[in-house]
Protein chains: 2
Amino acid sequence: MCELLAMSANTPTDLCFSFTGLARRGGAAGPHKDGWGVAFYEGRGVRVFHDPDPSADSRIAEVVQTQPIKSRAAVCHIRQANVGAVGLENTHPFIRELWGRYWSFAHNGQLHGFKARPGVYRPVGDTDSEHIFCDLLNRIRAAYSPGVDDDTLLQVVVKAAAEYAREGVFNLLLSNGRWVFTFCSTKMVAITRRAPFGPARLKDADVTVDFQAVTTPRDVVSVIATEPLTSDEHWDHYQPGEWRLWEDGEVRARGVETIPRWSHPDPDKL
Amino acid sequence: MCELLAMSANTPTDLCFSFTGLARRGGAAGPHKDGWGVAFYEGRGVRVFHDPDPSADSRIAEVVQTQPIKSRAAVCHIRQANVGAVGLENTHPFIRELWGRYWSFAHNGQLHGFKARPGVYRPVGDTDSEHIFCDLLNRIRAAYSPGVDDDTLLQVVVKAAAEYAREGVFNLLLSNGRWVFTFCSTKMVAITRRAPFGPARLKDADVTVDFQAVTTPRDVVSVIATEPLTSDEHWDHYQPGEWRLWEDGEVRARGVETIPRWSHPDPDKL
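All values reported here derive from a predicted model rather than from experimental measurement.

1. Focus: the overall build of chain A
Here is step 1 of the chain: When helices and strands are tallied, chain A shows 4 helices and 15 strands.
Here is step 2 of the chain: For chain A, whose C-alpha radius of gyration is 17 Å, the value lies close to the compact-globule estimate of 18 Å for 270 residues.
Here is step 3 of the chain: For chain A, the C-alpha atoms occupy an extent of roughly 50 × 40 × 35 Å along the three principal directions.
Here is step 4 of the chain: Buried positions account for 62% of the 270 residues belonging to chain A.
Here is step 5 of the chain: Residue pairs in contact within chain A that sit at least 24 positions apart in sequence constitute 69% of those at least 6 positions apart.
Here is step 6 of the chain: Roughly 10000 Å² of accessible area belongs to chain A as shown, and the carbon and sulfur atoms make up 48% of that amount.
Here is step 7 of the chain: Counting 30 positive and 34 negative side-chain charges, chain A places the centres of these two groups 3 Å from one another.

2. A few points about the sheet that holds strand β6 (residues 101–110) of chain A
Residue and element names in this part refer to chain A.
Here is step 1 of the chain: One open sheet accounts for 6 strands, arranged β5-β6-β7-β8-β14-β15; its pairing is antiparallel. Each having just a single partner strand, β5 (94–98) and β15 (250–256) make up the two edges of the open sheet. Between one strand and the next, the sheet's axes are offset by a mean angle of 15°, whatever the strand orientation.

3. With respect to the interface of chain B and chain A
Here is step 1 of the chain: Opposite the 34 residues of chain B that make contact, chain A presents 34 residues.
Here is step 2 of the chain: When the two sides are added together, the surface that chain B and chain A hide from each other amounts to roughly 2900 Å², 52% of it contributed by carbon and sulfur.
Here is step 3 of the chain: Among the ionic pairs, R96 of chain B bridges to E97 of chain A, the shortest N-O distance being 2.8 Å.
Here is step 4 of the chain: One can count 16 residue pairs in polar contact (both at pLDDT 80 or more) joining chain B with chain A.
Here is step 5 of the chain: Breaking the side of chain B that touches chain A down by element, the ones donating at least two residues are β2 (36–42), β3 (45–51), α2 (59–66), β5 (94–98), β6 (101–110) and α3 (128–143) of chain B.
Here is step 6 of the chain: The element contributing the most residues to the side of chain B that touches chain A is β3 of chain B, with 7 residues.

4. Points about the pattern of salt bridges
Residues and elements named next belong to chain B.
Here is step 1 of the chain: Using the criterion set out here, one finds 34 salt bridges over all chains in the structure.
Here is step 2 of the chain: With a closest N to O distance of 3.0 Å, D150 and R178 form a salt bridge. Of the two residues, D150 is situated in helix α4 (residues 150–167) and R178 in the loop between β7 (169–175) and β8 (179–183); the sequence distance between them amounts to 28 residues.
Here is step 3 of the chain: By relative accessible area, which is 24% here, D150 ends up partly exposed.

5. Let's talk about the relation of the copies chain B and chain A
Here is step 1 of the chain: Taken as rigid bodies, chain B and chain A are interconverted by a rotation of 180° and an axial shift of 0.0 Å, the fit giving an RMSD of 0.0 Å. Here the two chains are linked by the operation of a two-fold rotation axis.
Here is step 2 of the chain: Same-surface contact between copies: 100% of interface residues of chain B are shared with the interface of chain A.

6. Regarding the pairing of strand β1 (residues 3–13) of chain A
Residues and elements named next belong to chain A.
Here is step 1 of the chain: Among the 11 residues that make up β1, 8 are buried, leaving the element largely enclosed by the rest of the structure.
Here is step 2 of the chain: Of the pairings in the sheet, the one linking β1 to strand β4 (residues 71–78) comprises 7 bridges and is antiparallel in character. Looking at the pairing, L4 lines up with H77 of β4.

7. Describing the packing of helix α1 (residues 16–24) of chain A against helix α2 (residues 59–66) of chain A
All names here are of chain A.
Here is step 1 of the chain: One can describe the packing of α1 onto α2 by two numbers: an axis separation of 7 Å at closest approach and a directional angle of 145°. Residues C16, F19, T20 and A23 of α1 touch α2, and the partners they reach there are A61, V64, Q65 and T66.
Here is step 2 of the chain: Grouping the constituent residues of the contact of α1 with α2 by class yields 5 nonpolar, 3 polar and no charged.

Calculation criteria
Residues numbered from 1 in each chain as written. Chains lettered and ligands numbered in written order. Predicted model: local features only at pLDDT ≥ 70, side-chain atom pairs only at ≥ 80, totals over all residues. Heavy atoms only, no water. Helix = DSSP H or I, 4+ residues; strand = E, 2+ residues; numbered from the N terminus. Rg over C-alpha atoms; globule rule 2.2 N^0.38 Å. Buried < 20%, exposed > 50% of the residue type's maximum accessible area, 1.4 Å probe, protein only. Contact = heavy atoms within 4.5 Å. Areas by Shrake-Rupley, 256 points an atom, 1.4 Å probe, with all protein chains shown as cover. Lys, Arg positive; Asp, Glu negative; His and termini not counted. Charge placed at Lys NZ, Arg CZ, Asp CG, Glu CD. Pairing = 2+ DSSP bridges. Axes fitted to C-alpha atoms, helices over the stretch in contact; angles between N-to-C directions. Buried area = accessible area lost by both parts, 1.4 Å probe. Salt bridge = Lys/Arg side-chain N within 4 Å of Asp/Glu carboxyl O. Polar contact = N/O pair within 3.5 Å; in protein donor to acceptor, adjacent residues only side chain to side chain. Least-squares fit on C-alpha atoms with pLDDT ≥ 70 in both. Nonpolar A, V, L, I, M, F, W, Y, C, P; charged D, E, K, R; others polar.

Below you can see the structure in the form of structure tokens.
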């Protein structure tokens, strides 16, 4: 399996603290040694770091941990390869432009032998994940035209996500820079931090942050992850089939789809 | 104007030396302080760094200068903004997937008010450069199907490049990971390094490298840039209208198109 991390905030916020915890799981505190990647949106632009080396000893990961890159939407993934060789072309998040916006996609799970339906978008690598991403964007292009409103777009995304989740384990992060869509097939947690802010301690590294010192009373910052990243805060667990659309740090829409109860893949068996 | 840099090599080679020279021009030895970006291909994958801050004092640029990222095709750009605000979405190189490969595009020059023809690809930012890139890919998609051979593809690329160069200053780097297509409207130079390798000294920084110590006798590494990056080697100057297709460090095809003799834009006037 892999580990996912996303952020949605109402003000440009860095991901240094959360990423520090996650990066430790990439070869140091966890088995996810087959690369990592992160997409930070800044306005319409996106800054992407991809590295097929373990995050725990990557110099680029070190910069991402220590250089505050401020974003209102970010999507991150550290990989333990199951389908597709270890290589840059198979490193999440995958990025494509759709209708003048960059979309980013990160996936935890497995859909055996999944192939994207024909269309504009084609996978570059050979993961099931990238096939699913291309399939999803091809569905969107086939169903709608540019300028479609978010509520309508959301319908096809939810429907597609539920269909994928019926074929295998499918925990999803998807962003277009404005919002972050999240879908839980087996395992996903979230936390929303807002005033009054307090301190927090990472589970995977001896690092504490006092959020009050780095925020204003108006800030709302939500973090979504595969497992809680801190040991002294309450993380809210998604139920299987649950999806949430995050924007500006808040849940804008949510729902639960009926999906099979897959057991979460055991890292030792992959 | 901006500065371009590309590499084509027959063996995975890092760009640290050349990038160190170029990065110095981004705010230290030159006026190109409005961001920089680089795309390194590794197999079918591409590792992209984009930074809207000056390269001369970017921590990410420092990593790119000191961490050997080995690639057989790379495209780099440092920007002095003329069209489009300084921002991540306007930072070259631009990347799109076409038929299962990542294409990257960097441009020096200006085509006033250029707009991409309608098609699959749409600009995210508001530079003429990204409009040209989308236009070019839309032309390719309209003219050909996946699997088209390189020679045929090259025809449309050369034709399009010459047309763009008739509308304004258009120095181009374009890569799909296998080859690097280069087009000179006003200013472009190249050097091919092969055995016997010697030392070289950067023009813009007090840095010397002994290529013999870091190469094998079979290596062929070509560097293409806006201006020579070293002071003690012979760089070959393109003529206006000249294009070269590089692959594995060698020129695979070349030609000269008839274009107007634009004067190169004066950085002080932009």
